[in-house]
Structure formats: C-alpha cells, structure tokens
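Architecture and fold: a report
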Amino acid sequence: MMDNRAVVYVEPGKVEVRDISYPDLVLRDGPGVNPLNVGRKCEHGVILKVVTTNICGSDQHMVRGRTTAPSGLVLGHEITGEVIEVGRDVEFIKKGDLVSVPFNIACGRCRNCKERNTHVCDNVNPDRPGSAYGYVDMGGWVGGQSEYVMVPYADFQLLKFPDKEQAMEKILDLTMLSDIFPTGYHGAVSAGVKPGSTVYIAGAGPVGLAAAHSAQLLGASVVIVGDLNAERLMQARSFGCETVNLREHPNLGEQIEQIIGEPEVDCAVDCVGFEAHGHGHAHGEAPATVLNTIMQVTRAGGRLGIPGLYVTGDPGAVDEDAKIGTLKIRFGLGWAKSHTFVTGQTPVMQYHRNLMQAILSGKAQIAKAVNATKISLAEAPAAYTAFDKGASKKFVIDPHGLVKN
C-alpha cells in the first residue's frame, strides 16, 4: 500500500499536511462523512495520482472558521490527475489517462444530472442536492489536496485530455477547468454577457479574475473589476480590465460613470460571496454589500450572475440572521428593476470541454489572468496564509513534482 499525504483543516486559521489513508473504491468513515454515505461502494470510480490541485477561495471560508467544517477534514475540490486504478464498472476511462475532475460530484443517473444540472445531483449527498470533494456538508467525499484521491462515477464525470504531452505543457491552464474557470465563465454567462456588453465584476480574487477573462472571451466591450485590494486590482489591469478601488472610491456608480459615461452597466457578476465587506476605509464585514451594490449599478432588465458562495450556516457571522444565511438584501430594488438572478454552484460539465478547447487552441489564457503559482504540498499551509492576506495568486499544488513550468 502506497503512502498518501494531504492538506487537512485543523482549526480556524490552521491547516496541516498529514498522512492519510491511501484511497480505495469505498467511501470510508472519517471527518465530515455523512453516516448514510459510510461504506458506499464505488466500483464506478477510479483512483487518481494527483498531478495538480488548487487552493480555492471557498476553502478559505472553512479555514477561517466560517462554516461548521470538522477538524481533520481533508481539503480540496479542484483536482487534475492521472488514472492509476479503475473500478470494475468503469468502461471508457483507462489507466494512464490524464483527466480533469469537476468539483461537483454527480451520478449521471438522477433527473437533475440528466437535465445537465450536475451541480444539484440528487444521489451523492444525503443532506441535500449537490456535493463536492473535501467540503463541509457535502456528503464527506475525501478532498483532493493530496497525493492520491478516489473519484466516483468516472465514465460520466471525468474530462480526458486528448493528448497527454500537450496537456502537461498547458497544465497550469488546464488545472483551472475543475472549478475556477467554469465558475467564472458561468458567472459571466449567467449575467448575460455578450458582444458589446459592459460588465461589472465584484471581486478581484481568482474567481473574479476568471469571470473577467471569461467576459472578455464572450465579447464584452468593457470589463470593470472592483475590489478593496490594490494588488489584486493590478492583476486585473494586467490583462486589460478597468478597475475600481472601493476602499479609496466607495461610490461605485460614480466610478463606473467616469469609465463608461453612465453610472450603470449591462450586467454584473458577484465573485465575493458572504464574507463581503463594506466600501471605504472604515467599513467592516457587511455580507449583503455586493448583492445590493450590483443591483444598484446594473441597468433595468439586466442580469446578475452570482457564483460567489453564500451559506446556510455561518458561525462567525456579524449577526444572528446572517448566521443562518438571512441577509439584508434590497430585493425590492431588484424586483423594481426586473433583474434576473442566477445563483448556486456551477454545473462544471456544461462548460469544461469547450473551455478545454479554448485553452488548447490558445484562445484562453486563464493561468496568466489569475496569476497561477505552482507550490509543493509542503508549502500549502503557508500558501493558505498568504492567500488569506490577499496575495494576488492562484496557488496550484504540485504534489509529485510533475509540473515543469
């Protein structure tokens, strides 16, 4: 039996690299595993040798103690790897295949999966529709910030790269297909971005940068990115975005007017989520800030894409309502302006194949847009700290030292 090491959540503000069990094709009991999932056989699954696995802003919510994640939870839902073992019921995926793993686990058999709503699969999480690797209240599927990981429903879910050598040359781009690129793209598509659109992106973290690059790919005429972090805004400008520093210039409508001549945009994307802060120098956490602001600055009849994470349980929230996901949203404003809201996890499988083709053809430069930065597994705890402090980087863990660029 081979060894396996992984990034594990310990307590608020602390992660460690620990030895964990080598995976097999059964979901064993462990931190966060739903009792109804314990012992679940996965002969439809595969074992992957992880080639790359990324640190996500969603992971940071747990690491900050802003969820009910249990100590010992293995983190990581952005996984790219080489197949080294296949289950009895796997027909089309083979040993040696290099594959991207959608972060949302989906069976391919339920009504939602058959309707391409793989983000709300009915069969993988006993608590509620939808699941993900290494995430709180998502059924307990073991995370992929590790050396090896088990992936169920392989034939249905996995995206095989057509040429392994070519894929390794572009692996820092292709590693983004498991979550961040489809999530940013989904946000832009949900907001109705089309050729000529003016777009506001709230948040210049990795998802916001991915959404901004996606808006460019979709033909937007102007992409404006707003954030409180000057370093992250500099990264947005590096690939042609306009930016607004909301710490220095809290009135977003005025800043948009200075850029495009009017205080409203055609559409907007929330890439911040429930840990949003108010605008200006002295404002603290205000979880509804982004949602209310994008309603203000989006024209009547416009659309709002909301891939930013919102939760039903937040023990560190600023008030009792926010602890259960009840936020002070100006829904009447959105109603009066006939806005369309699109929320929830991204159905990765709707997008990942086409985005792969965009990367392989050179049309998409997602690694450059999000400042992909390779690290070792041992460096992951320090990277979590740097990311939490606002580093303008997308950290890509290379557990086996296979990434050359």
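Owing to the predicted nature of the structure, the values given are computational and were not obtained by experimental measurement.

1. Structural notes on a nonpolar patch on the surface
A cluster of nonpolar side chains, Ile329, Phe331, Trp335 and Phe341, forms an exposed patch at the surface whose accessible area comes to about 460 Å². Locating Phe341 in the fold gives a position in strand 15 (residues 340-343). By relative accessible area, Phe341 is classed as partly exposed at 31%.

2. Details of the environment of Val318
Within the element layout of this structure, Val318 appears in the loop between strand 14 (298-306) and helix 11 (331-336). In this structure Val318 comes out as partly exposed when scored by relative accessible area, which is 45%. The sequence separation of Val318 and Ser21 amounts to 297 residues, and the corresponding C-alpha distance is 38 Å. When sequence neighbours within four positions are dropped, the list of residues in contact with Val318 reads Glu285 and Pro287.

3. Brief notes about the nonpolar core
If you look at the biggest cluster of nonpolar residues, it comprises 50 residues, and the most contacted ones within it are Leu177, Val193, Ile201 and Val225. The element contributing the most residues to this core is helix 7 (residues 206-217), with 6 residues. Once residues lying within four places of it in the same chain are set aside, the contact partners of Val225 are Tyr200, Ile201, Gly203, Ala204, Ala212, Leu233, Ala236, Cys241, Glu242, Thr243 and Val244. Core analysis: the next-biggest nonpolar cluster, separate from the first, contains 31 residues, Ile79, Val124, Trp141 and Val149 among them.

4. Comments concerning the UniProt feature "domain: Alcohol dehydrogenase-like C-terminal" (unreviewed entry) in the chain
Those places that UniProt annotates as "domain: Alcohol dehydrogenase-like C-terminal" (unreviewed entry) correspond, in this numbering, to residues 206-274. End-to-end, the C-alpha atoms of residues 206-274 are 16 Å apart, and along that stretch the chain is 42% helix and 23% strand.

5. Some thoughts on the environment of Val342
Mapping Val342 onto the fold places it in strand 15. Looking at Val342, the relative accessible area reads 21%, which means it is partly exposed. Each C-alpha atom of the pair Val342 and Ile105 lies 20 Å from the other, and the pair is 237 residues apart in sequence. Residues contacting Val342, with those up to four places away along its chain left out, are His186, Ser190, Arg303, Leu304, Gly305 and Ile306.

Parameters at a glance
- Residues numbered from 1 in each chain as written.
- Predicted model: local features only at pLDDT ≥ 70, side-chain atom pairs only at ≥ 80, totals over all residues.
- Heavy atoms only, no water.
- Patch = residues over 30% accessible without salt bridge, like charges linked within 9 Å, V, L, I, M, F, W, Y side chains within 5 Å.
- Areas by Shrake-Rupley, 256 points an atom, 1.4 Å probe, with all protein chains shown as cover.
- Salt bridge = Lys/Arg side-chain N within 4 Å of Asp/Glu carboxyl O.
- Helix = DSSP H or I, 4+ residues; strand = E, 2+ residues; numbered from the N terminus.
- Buried < 20%, exposed > 50% of the residue type's maximum accessible area, 1.4 Å probe, protein only.
- Contact = heavy atoms within 4.5 Å.
- Core = buried A, V, L, I, M, F, W, Y, C linked by side-chain atoms within 4.5 Å.
- UniProt positions renumbered as here; feature names shortened; annotations may be inferred.

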